[in-house]
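Observations on chain architecture
The primary structure of each chain is shown beneath.
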Amino acid sequence: LAQAFPGSSMRSALISSLVLHALGLRHHLHGSALKRNEGYTVRLHNHANVQYTGEFSVGKQILPVVYDTGSFDVIVLSTLCAQCPEALAKYDRGRSASFTSGEDITAEHHFGSGPVRSKKGYETVRLGGQDSPFSATHMPFYQVLSHGIAVWNSQAAFSGIVGLGHPATVPQGFSADAGVGDASSDKTLVETVKMNVFAFCLARSGDSPDDLPAGLFQLGDGSLNLREKHPQSFVTVPVLGEVHWSVRMTGFRAPGLDVTMPSICDPSCGAIVDSGTSLIAVPPSALPFVTALDGLVKRDCSNLDKLPILEFDLDTGAGQATTIQLPPKAYVMKVRRQLEQGSSSWKELFGWGRSSSDEAAQSEFECSPAFMLLDKESQLGPVWILGMPFLRYYYTIFDRSNGQPKIYIARSTPTCEVEKGGNTLNFINSTQAGGWQSMRRSFLANDFTPTTMDINATLPLGWSSAASGMQLRL
């Protein structure tokens, strides 16, 4: 510097400028790291209790998306899609200075209700708004060209699906452009942004005040701080799936329901915790339960206080299990009759047929069990999906750090706070005297009311068709 800038005043000014720049850069990096450590919260919006959306930034454009723990890619509606409804927000690559086309690959994703054709590109993305510290540059993503997903219509609330699967790279067989280039080497979003911890909680409809969010998607270590604050409320459940956020399920019960069921989870089932599935999905072996429950639920919704509290045993390791409980509000939906009177459409949507009833013939709405059929086997046994109904009752932290993914679960309040005062997941033996009544007293009166849903907006099991045949790699 002395040789290049011999004047002492100029040297001093330049040195001062460099020091200030370094300090500013250090402050920026420190501030960014501090932001990540403190966490960032995406406020979720509820659409008909079957779609929850939050902001996602693609370049400088912000789109409402479904954050989906059951998939891996970033897929957004785009101006390249001629058939996509005008009312929905779309990504326009012509308005972005950070977009690059890369290999210009045309790809296809397969969902339960139809394929999605898309054009692969690369973009700067942020989970949340433009102020989010969780960002990635040159992130692979897919711009929709056309699709066959019935719920992605003008009434939909989402313009994209953002996959939050835990592997570092998109698993083999799940990439949309498999066989074109080296798609399997694409890093997942959570790996690219170095997001090892995030959490979901969905508020229960009818319980949450208008000024509170319908749900929370919390990014970063802030959710772990909550676990440290309430250590007795959370239970750790190891994730055993190499591909999905899947856990081992060792038992299922519906105390008080008079039905003989085969041994559904003997020795175990695989249960995927999936923020992108609207309902609970069950294997064919659970159909006797669904059929019996369908016959028990009165179409006029008048007997929900008599319905059972469902119990799911989740393996916590070392031969131990914790029992989660879901009351009728989690598994009984109130729907418009004219939308689902046709048995063929009902069976097409949910995979099982309904019994006929005249109880609600004069009513605009009627009640029904809210289950979807999923005929998939896995290395852990028959596959279940614990979708949005589970996340309405359990604050769930997803942790992929140290190469050992796990989830932490705690009972949540109707407004998405962690229930305080000890572990609310301890097993209650419902076969003991008063056991069933003890379970019922642990829930509120509103937990025995139905959840109103728009079944025509129900999100399909998109990833379930990613693997051909009945076998699904968890």
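Scope of this entry: the structure provided in the associated data block. Only a predicted model underlies this, so the values are computations on that prediction, with no experimental measurement involved. For every chain, the first residue of its written sequence is number 1, and the numbers climb from 1 along that sequence. Local features are withheld for residues below a pLDDT of 70 in this predicted model, meaning they are given only at 70 or higher, and side-chain atom pairs are given and counted only at 80 or more; totals for whole chains, interfaces and linings count all residues. By convention in this description, side-chain values take in all heavy atoms of the structure and omit both hydrogens and water.

Side note on the sheet that holds strand E24 (residues 451-452)
Our working rule: Two strands make a pair as long as DSSP finds a minimum of two bridges between them. Put simply, DSSP H or I for four residues or longer makes a helix, DSSP E for two residues or longer makes a strand, and each gets a number counted from the N terminus.
A sheet is described by the order of its strands in space; here three strands give the open sequence E18-E17-E24, paired in mixed fashion. Strands with a single pairing partner mark the edges of an open sheet, and in this sheet they are strand E18 (365-369) and E24. Where strand E17 (residues 332-336) lies against E24, two bridges are found, and the strand directions are parallel. In the sheet register, methionine 333 faces E24, and the bridge partner there is threonine 451.

Here we look at the packing of aromatic side chains
Put simply, the rule is: Any pair of Phe, Tyr and Trp rings, taking the six-membered ring for Trp, is counted once the centres come within 6.5 Å. Such a pair is stacked with planes under 30 degrees apart, edge-to-face with planes over 60 apart, and tilted for the rest. Burial here depends on accessible area, computed with a 1.4 Å probe over protein chains only, as a share of the maximum for the residue type. Under 20% is buried, over 50% is exposed, and the range in between is partly exposed. The rule for a charge over a ring is simple: NZ of Lys or CZ of Arg within 6 Å of the ring centre, and within 35 degrees of the ring normal.
This structure, assessed with the given rule, holds 22 aromatic pairs. Their ring planes at 45 degrees and their centres at 5.0 Å tell us that phenylalanine 252 and tryptophan 384 sit as a pair that is tilted. Highlighted residues: phenylalanine 252 in strand E12 (residues 246-253) and tryptophan 384 in strand E21 (residues 381-386), separated in sequence by 132 residues. Residue classification places phenylalanine 252 among the buried positions, given a relative accessible area of 10%. Chaining the aromatic ring pairs together yields one cluster made of Phe56, Tyr67, Phe198, Phe200, Phe217, Trp245 and Phe398. A cation over a ring is seen here: arginine 227 above tyrosine 408, with NZ or CZ 3.9 Å from the ring centre. Between arginine 411 and the ring centre of phenylalanine 443, over which it is positioned, the NZ or CZ distance is 4.4 Å.

Some words on helix H4 (residues 287-296)
Counted only if it meets this: Here the arc refers to the directions that run from the helix axis out to each C-beta atom. Contacts between residues were defined by any pair of non-hydrogen atoms, one from each residue, lying within 4.5 Å.
Listed in full, the buried residues belonging to H4 are Phe289, Val290, Leu293 and Asp294. One side of H4 holds all its buried residues, which, seen down the axis, span an arc of 135 degrees. Opposite the buried face of H4, by more than 90 degrees, sit the exposed residues Thr291 and Gly295. If you follow the buried residues of H4, they end up packed against E12, strand E14 (280-282), strand E15 (310-317), helix H5 (328-331), E18 and strand E19 (371-373).

Structural notes on the side chain of serine 96
Note the following rule: Pairs of N or O atoms within 3.5 Å make up the polar contacts considered here, provided that, within protein, one atom can donate a hydrogen while the other can accept it, and that residues adjacent in sequence are counted only when both atoms are side-chain atoms.
Topologically, serine 96 is positioned in the loop between strand E4 (74-77) and strand E5 (106-111). A relative accessible area of 14% means that serine 96 is categorised as buried. Within the structure, serine 96 has its side chain in polar contact with the backbone nitrogen of phenylalanine 99 (distance 3.4 Å). Discounting residues that sit within four places of it in the chain, serine 96 has contacts with Gly59, Gln61, Tyr91 and Glu123.

A look at the nonpolar core
As a reminder of what qualifies: Nonpolar cores were defined as sets of buried Ala, Val, Leu, Ile, Met, Phe, Trp, Tyr and Cys residues, with membership established by side-chain atoms within 4.5 Å.
Counting 97 residues, the largest nonpolar core has Phe56, Tyr67, Leu127, Leu164, Met195, Phe217 and Trp384 as the members making the most contacts within it. For this core, the element with the most residues is strand E7 (residues 135-147), which contributes five residues. Counting 21 residues, the second largest nonpolar core, distinct from the first, contains Met372, Leu380, Val383 and Ile455.

Side note on the side chain of serine 378
Mapped onto the elements of the fold, serine 378 is located in strand E20 (residues 377-378). Residue serine 378 is classed as buried on the basis of its relative accessible area, which comes to 8%. A distance of 3.1 Å separates a polar atom in the side chain of serine 378 from the backbone nitrogen of leucine 380. At a separation of 2.7 Å, a polar atom in the side chain of serine 378 contacts the main-chain carbonyl oxygen of glycine 381. Sequence-distant contacts of serine 378, defined by excluding residues within four places in its chain, comprise Gly270, Val383, Gln471, Leu472 and Leu474.

None of the figures reported here should be taken as evidence of function without further support.
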